[in-house]
Amino acid sequence: MEQRRWMNQSQPQTLQIAVFLLYINAFFTAFYGGLGSLIGLLLIVANVGAGYGVANEKRWAYGLALAVAFLPFVLRLLLNGLDDVLGTNLINLMFEIALVALLLHPQSREYQRIWFK
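Residues numbered from 1 in each chain as written. Predicted model: local features only at pLDDT ≥ 70, side-chain atom pairs only at ≥ 80, totals over all residues. Heavy atoms only, no water.

### What to know about the overall build of the protein
Note the threshold: Numbering of helices and strands runs from the N terminus; a helix is a DSSP stretch of H or I covering at least four residues, while a strand is a stretch of E covering at least two. Every radius of gyration here is taken over C-alpha atoms, with the globule rule written as 2.2 Å times N^0.38, N being the number of residues. Only protein chains enter the accessibility calculation, which uses a 1.4 Å probe; a residue whose area is less than 20% of its type maximum is buried, one above 50% is exposed, and one in between is partly exposed. Whether two residues are in contact is decided by their heavy atoms: any pair within 4.5 Å suffices.
For the protein, the helix and strand inventory stands at five helices and zero strands. Order of helices (α) and strands (β) in the protein, N terminus to C terminus: α-α-α-α-α. For the protein, the C-alpha radius of gyration of 14 Å lies close to 13 Å, the compact-globule estimate for 117 residues. Dimensions of the protein along its principal axes, counting C-alpha atoms only, are 45 × 30 × 20 Å. Here the protein holds 117 residues, and 38% of them are scored as buried. Residue pairs at least 24 apart in sequence account for 61% of intrachain contacts in the protein once pairs closer than 6 positions are excluded.

Here it is in structure tokens:
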């Protein structure tokens, strides 16, 4: 029987940290009022689902994780135009860029290509 896990220590460090950041994003979305709206609730579920799926090496979860990672940039682009794509506070921006970089890192992509089902 296949073991389910929230974190996978056998994955590269880049993916482990990305999974952790997805869970942290879900926590802060819930903490800052995400539970009060449908969009916030969907973001929480998407972040947790992507993290759990990546930890369990699911190919669909890697795609969802990329979508969730790029979502803040896309939303800012749609709402505020090109001038404000990076326009958020510095700490949020740092974590958003880190999540994208970790998921697109060659080590993460190679592991995903070989091992994810």
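Next, the rest of the story.
### Describing the side chain of Glu96
Formally: N or O atoms within 3.5 Å of each other form a polar contact, as long as, within protein, one can give a hydrogen and the other can take it, and as long as residues adjacent in sequence are counted only when both atoms are side-chain atoms.
Tracing the sequence through the fold places Glu96 in helix 4 (residues 90–104). In this structure the side chain of Glu96 is engaged in a polar contact, spanning 2.7 Å, whose partner is the side chain of Arg76. Non-local contacts of Glu96, meaning those with residues more than four positions away in its chain, are made with Pro72, Phe73, Arg76 and Thr88.

### Focus on the nonpolar core
Filter applied, for reference: Take the buried residues of types Ala, Val, Leu, Ile, Met, Phe, Trp, Tyr and Cys, join any two whose side-chain atoms come within 4.5 Å, and each joined set is a nonpolar core.
Formed by 24 residues in total, the largest nonpolar core has its most connected members in Leu15, Val54, Leu99 and Leu103. Residue assignment for this core shows that the elements contributing at least two residues are helix 1 (13–31), helix 2 (38–55), helix 3 (59–80) and helix 4. Examining the composition of this core, we find that seven residues originate from one element, helix 3, more than from any other.

### Side note on the packing of aromatic side chains
Which entries qualify depends on this criterion: In summary, the pairing rule links any two rings of Phe, Tyr or Trp, Trp by its six-membered ring, whose centres are within 6.5 Å, and it sorts them by plane angle into stacked for under 30 degrees, edge-to-face for over 60 and tilted for everything else.
Tallied over the full model, the rule gives nine aromatic pairs. Relative to Trp115, the ring of Tyr111 has its centre 6.4 Å away and its plane inclined at 35°; by these criteria the two rings are tilted. Residue Tyr111 and its partner Trp115 are located together in helix 5 (residues 106–115), separated by four residues, close to a single helical turn. Among the residues examined, Tyr111 registers a relative accessible area of 14% and is labelled buried. Put simply, the rings of Phe27, Phe28, Phe31 and Tyr32 pair up and form one aromatic cluster.

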